[in-house]
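Descriptive structure summary
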Amino acid sequence: MKNITITIDVEEDCPPMLTSTRGIEEGLPKLLDLFKKERIKATFFVTGEMAEKYPDLIRRIPEEGHELGCHGYTHARFDRMREEEAKISLKQAGYVLRQFEKRVVSFRAPNLQFPESYLELLEEEGFRYDSSLAAYKPPFSRKTKIEGKIIRIPTTITSSFLRLSPDIFLPFLRHITAPVIFVHPWEFVDMSGMPVRLDCKFNTGEKALENLKVLIHASKAENCLFLTLEERASF
Ligand SMILES: [Zn+2]
């Protein structure tokens with residue numbers, strides 16, 4: 001690893017299975033406190049709806065030097081929206097988020113599902129970077145690519161991968177020059193008693209936070225740079 005980009009999708013708990021927001025209330029402050037203590041920057045993709053509901057917490061993101069990105073207005077999937085609905089969602093989310101930080105240029109679609117034909121909408125709504133592709137999901141994109149005026153930076157691993165043992169994820173990530181990591185605030189709350197899929201609950205809570213610390217410390221030990229998505233695009 002030469003640089004690493006930590007991204008956080010800020011949404012309700014394990015959508016669409018739950019509508020609770022313990023992740024934002026309890027998990028998000030833990031992440032922000034950890035990043036402050038470690039003096040590192042990250043990119044937070046926030047839904048417009050959660051920004052309206054938790055303005056004081058969302059305000060901390062730009063105030064503490066992180067990049068504020070967009071995760072749609074709600075967590076509804078863009079591949080299930082008509083073009084007009086997609087445009088309204090992007091416009092509404094952009095309007096809400098830009099009240100916290102004028103420069104909101106990065107986007108990630110809920111469930112990493114964003115039709116290619118909608119990329120122009122991103123451009124029209126002021127976005128420049130998209131992280132809705134993933135190395136582990138069809139079409140298995142690993143490399144940054146430019147489509148129209150949008151720079152697309154795929155995420156490297158799925159969030160639950162980081163909840164496995166560091167003996168598994170560290171050797172894997174060490175082989176990648178510039179991984180894009182992605183997590184959710186609800187993973188840092190104990191979800192073991194919740195009615196969700198196993199991959200949404202195993203090793204959530206303290207164990208997930210411990211693993212993230214291990215990753216941060218290992219990255220620092222390799223003199224890795226911590227870049228936001230926007231910084232990484234221009235790196
Ligand atoms: Zn999401």
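Use the structure listed above.
In what follows, the accompanying structure is described. Just so it is clear, the model here is predicted, and its values are computed rather than measured. (Residues numbered from 1 in each chain as written. Predicted model: local features only at pLDDT ≥ 70, side-chain atom pairs only at ≥ 80, totals over all residues. Heavy atoms only, no water.)

1. Notes on the state of the cysteines
- This model, assessed by the stated rule, comprises one disulfide.
- Each sulfur of the disulfide joining cysteine 14 and cysteine 200 lies 2.4 Å from the other. On the criterion of sequence distance, the pair formed by cysteine 14 in the loop between β1 (3-10) and α1 (22-38) and cysteine 200 in helix α7 (residues 198-201) is long-range, its members being 186 residues apart. (Disulfide = S-S within 2.5 Å. Helix = DSSP H or I, 4+ residues; strand = E, 2+ residues; numbered from the N terminus.)

2. What about the pattern of salt bridges?
- Under the definition given, this model contains 21 salt bridges.
- Residue glutamate 38 is joined to lysine 220 by a salt bridge in which the shortest nitrogen-to-oxygen separation is 2.7 Å. Of this pair, glutamate 38 sits in helix α1 while lysine 220 sits in helix α8 (residues 206-221), and the two are 182 residues apart along the sequence.
- According to the relative accessible area criterion, lysine 220 is partly exposed, its value standing at 32%.
- Across the pair lysine 41 and glutamate 231 runs a salt bridge whose closest N-O atoms are separated by 2.9 Å. (Salt bridge = Lys/Arg side-chain N within 4 Å of Asp/Glu carboxyl O. Buried < 20%, exposed > 50% of the residue type's maximum accessible area, 1.4 Å probe, protein only.)

3. Considerations on the environment of lysine 201
- Mapped onto the elements of the fold, lysine 201 is located in helix α7.
- Considering only alpha carbons, one finds lysine 201 and aspartate 190, 11 residues apart in sequence, at a separation of 7.4 Å.
- Ignoring anything within four residues of it in the chain, the contact list for lysine 201 reads Arg163, Met191, Ser192, Met194 and Val196. (Contact = heavy atoms within 4.5 Å.)

4. What about the coordination of the zinc ion?
- Ligation of the zinc ion by protein atoms is provided by Glu11 (OE), His71 (NE2) and His75 (NE2), these donors lying 1.9 to 2.1 Å from the ion.
- Within one chain, the residues serving as donors to the zinc ion are arranged as E-x59-H-x3-H.
- Exposure remark for histidine 71: the relative accessible area of 1% places this residue in the buried category. (Donors = N, O, S within 2.8 Å, 3.2 Å for Na, K, Ca; no water.)

5. Topic: the packing of aromatic side chains
- Applying the stated criterion across every chain, the model contains seven aromatic pairs.
- Here phenylalanine 107 and phenylalanine 127 contribute two aromatic rings whose centre-to-centre distance is 6.0 Å and whose plane-to-plane angle is 55°, an arrangement assigned as tilted. With phenylalanine 107 in strand β4 (residues 106-107) and phenylalanine 127 in the loop between α5 (119-124) and β5 (129-130), the pair connects residues that are 20 residues apart, well separated along the chain. For the pair shown, phenylalanine 107 and phenylalanine 127 are each scored as buried.
- Grouped by ring-pair contacts, the aromatic residues Phe78, Phe107, Phe114, Tyr118 and Phe127 constitute a single cluster.
- Against the face of phenylalanine 127 rests arginine 98, its NZ or CZ located 4.9 Å from the ring centre.
- The aromatic ring of phenylalanine 202 is capped on one face by arginine 163, whose charged end is 4.9 Å from the ring centroid. (Phe/Tyr/Trp six-rings, centres within 6.5 Å; stacked < 30°, edge-to-face > 60°. Lys NZ or Arg CZ within 6 Å of the ring centre and 35° of its normal.)

6. Concerning helix α4 (residues 83-97)
- Across its 15 residues, α4 extends 21 Å between first and last C-alpha, which sits within 8% of the 21 Å expected from 1.5 Å per residue.
- Regarding α4, the residues found buried are Ala86, Ser89, Leu90, Ala93, Gly94, Val96 and Leu97. Mapping the buried residues of α4 onto a view down its axis gives an arc of 165°, with all of them on the same face. Opposite its buried face, α4 presents the exposed residues Glu84 and Tyr95, each directed more than 90 degrees away.
- The secondary structure elements touched by the buried residues of α4 are β2 (43-46), α2 (48-53), β3 (67-70), β4 and α5. (Expected span 1.5 Å × (residues − 1). Arc of directions from axis to C-beta.)

Without other data, these values stay purely geometric and don't point to any function.
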